Amino acid sequence: MSLQFTDEEFQEAWRELDEPQLEGGWELFTETMGVKIYRLLDKETGLYEYKVFGVLDTCTPELCADVYMDLKYRKHWDSYAKELYEKDFDGQHAIYWEVKYPFPLSNRDYVYVRERKDLDVDGRKIWVILARSSPETPCAEKSGVLRVKDYKQSVALESDGGCGTRVFLNYFDNPGGMIPTWLVNWAAKSGVPGFLTDMQKACSNYGSYCHKK
């Protein structure tokens, strides 16, 4: 597979663990359960890009990275994932992901590429996963499902010095269509901390899942 991301993009992600880059209009959106969420208005779309800083107390960064990368397992613990799989689309390797939206909104789907690197930075072990939409991948759109064509996400994970993981998450997506403001705010304020809680639970159950496979 050709490299989809540059070394600089990986470095930019893990550096946020040391020095959060919050100049240029980033504002603190909410803080809950030890998770800080910042947002930046994208003037072109009127949507927000988000940065999330937090700690997962009960799982190691390597386990977090493994769980995050395991698409089949995610379908077991993420109730919003309707379809999620990696495949070859006419020679282009990509991931297809359909996300359930509440009625009466249409589901959204994504076709994206991702890459993981396990880095050694002056003796520090840091796991970085980058993802972004791949509109050039030849994957037909489904009737009744809106394709998200502008999506990016980066994750950096490092030990908190104990049994947990420091987490940095940066993401933006343009879900298209008419999304009510309340839903956008809910997704950011409740969905992100909820996802991290689910992720922590998924990490604790991963050993038994792998054993049963």
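For the structure itself, look to the data block above.
Throughout, a residue's number is its position along its own chain's written sequence, starting from 1. Residues qualify for local features only when their pLDDT is at least 70, as the model is predicted, and side-chain atom pairs are given and counted only at 80 or more; totals for whole chains, interfaces and linings, by contrast, use all residues. Heavy atoms throughout the structure, all of them, feed into the side-chain values; hydrogens and water do not.

J.: Any chance you could explain the nonpolar core here in plain terms?
T.: Soluble globular proteins tend to bury their nonpolar side chains together. Side-chain atoms within 4.5 Å are what join buried Ala, Val, Leu, Ile, Met, Phe, Trp, Tyr and Cys residues into a set we call a nonpolar core. A 1.4 Å probe rolled over the protein chains alone gives each residue an accessible area, and that area as a share of the maximum for its type sets the label: buried under 20%, exposed over 50%, partly exposed in between. Grouped together as the largest cluster of nonpolar side chains are 29 residues, with contacts concentrated most on Val 52, Val 67 and Met 199. Runs of E in the DSSP output that reach at least two residues are strands. Runs of H or I that reach at least four are helices, and both are numbered from the N terminus. At the level of secondary structure, the elements contributing two or more residues to this core comprise strand S2 (35-42), strand S3 (47-56), helix H2 (61-69), helix H3 (71-77), strand S7 (124-133), strand S9 (151-159), strand S10 (165-173) and helix H4 (181-212). Throughout, a contact is declared for two residues whenever any of their heavy atoms are within 4.5 Å. Excluding residues within four positions of it along the chain, Met 199 makes contact with Leu 56, Cys 64, Val 67, Tyr 68 and Trp 77. Ranked by size, the runner-up nonpolar core spans 22 residues in total, among them Ala 13, Val 111, Val 121 and Cys 139.

J.: What is the right way to read the layout of surface pockets from this model?
T.: The gaps left among the atoms become clear once a water-sized probe is rolled over them. As a volume, the largest pocket reaches approximately 1000 Å³. Of the two site types, the cavity is a set of points on a 1 Å grid over the protein atoms alone where a 1.4 Å probe fits but cannot get out, and the pocket is an open set with protein on both sides within 12 Å along at least five of seven lines, each lined by residues with an atom within 4 Å of a point. Lining the largest pocket we find 37 residues, and of these Trp 97, Tyr 110, Tyr 171, Asp 173 and Ala 187 sit closest to its centre. If you list the elements that add at least two residues to the lining of the largest pocket, you get S3, H3, strand S5 (92-99), strand S6 (107-121), S7, S9, S10 and H4. Considering each element in turn, the lining of the largest pocket owes the most residues, 11 residues, to H4. A class-by-class count of the residues in the lining of the largest pocket yields 27 nonpolar, four polar and six charged. Glu 12, Leu 130, Lys 152, Ser 154 and Asn 170 are, among the 16 residues lining the second largest pocket, the residues nearest its centre. Considering each element in turn, the lining of the second largest pocket owes the most residues, four residues, to helix H1 (residues 7-18). Classification convention: Asp, Glu, Lys, Arg as charged; Ala, Val, Leu, Ile, Met, Phe, Trp, Tyr, Cys, Pro as nonpolar; all other residues, Gly among them, as polar. For the lining of the second largest pocket, the per-class residue count stands at six nonpolar, three polar and seven charged. Grid points are joined across faces, edges and corners, and a volume is the space filled by probe spheres set on the points.

J.: Please clarify how the pairing of S10 should be interpreted in this entry.
T.: In the case of a regular strand, side chains alternate between the two sheet surfaces. Counting buried positions along S10 yields seven of nine residues, so the element is predominantly enclosed. For two strands to be treated as a pair, DSSP must find at least two bridges joining them. Pairing analysis gives seven bridges linking S3 to S10, with the strands arranged antiparallel. Paired with Tyr 50 across the strands is Tyr 171, a residue of S10. Pairing of S9 with S10 involves nine bridges; the strand directions are antiparallel. The partner of Ala 156 across the bridge, within S10, is Phe 168.

J.: Teacher, can you tell me more about H1 here?
T.: One turn of the α-helix equals 3.6 residues, which is why residues spaced by three or four share an orientation. By this rule, a helix spans an expected 1.5 Å times one less than how many residues it contains. Over its 12 residues, H1 runs 18 Å from end to end, which matches the ideal 16 Å to within 8%, given 1.5 Å per residue. Three or more residues of H1 are buried, namely Phe 10, Ala 13, Trp 14, Glu 16 and Leu 17. Each buried residue of H1 lies within a common arc of 140° when the element is viewed along its axis, so the set occupies one face. In this structure, the buried residues of H1 make contact with S3, S6, S7, S9 and S10. To be clear, the arc concerns the directions from the helix axis to the C-beta atoms.

J.: Would you mind going over the side chain of Arg 108 with me for this structure?
T.: Tracing the chain through its elements places Arg 108 in strand S6. In this charge count, Lys and Arg are treated as positive and Asp and Glu as negative; neither His nor the chain ends contribute. Here a salt bridge means any side-chain nitrogen of Lys or Arg lying within 4 Å of a carboxyl oxygen belonging to Asp or Glu. Buried and unpaired, Arg 108 has no salt bridge, with Asp 173 as the nearest side chain of opposite charge at 8.0 Å. Under this definition, polar contacts are N or O atom pairs within 3.5 Å; protein pairs additionally need one hydrogen-donor-capable and one acceptor-capable atom, and for neighbouring residues in sequence, both atoms have to be side-chain atoms. At 2.8 Å, the side chain of Arg 108 forms a polar contact with the backbone oxygen of Gly 176. Those residues in contact with Arg 108, other than ones at most four positions away along the chain, are Trp 97, Glu 98, Val 99, Tyr 101, Val 145, Leu 146, Val 148, Pro 175, Gly 176, Gly 177 and Ile 179.

J.: Any chance you could explain a nonpolar patch on the surface here in plain terms?
T.: A surface patch of nonpolar side chains, about 380 Å² in accessible area, is lined by Tyr 80, Trp 182 and Trp 186. Take Tyr 80: it is sitting in the loop between H3 and strand S4 (81-89). The residues that make up patches have over 30% relative accessible area and no salt bridge, and they are joined within 9 Å when like-charged or within 5 Å when they are Val, Leu, Ile, Met, Phe, Trp or Tyr. Areas reported here follow the Shrake-Rupley algorithm with a probe of radius 1.4 Å; residue values treat only the protein chains shown as occluding.

J.: In this structure, what is going on with the environment of Glu 115? I would like to understand it.
T.: Turning to its location among the elements, Glu 115 is positioned in strand S6. Its relative accessible area of 8% is what places Glu 115 among the buried residues. For the pair formed by Glu 115 and Ala 131, sequence separation is 16 residues and the distance between their alpha carbons is 6.6 Å.

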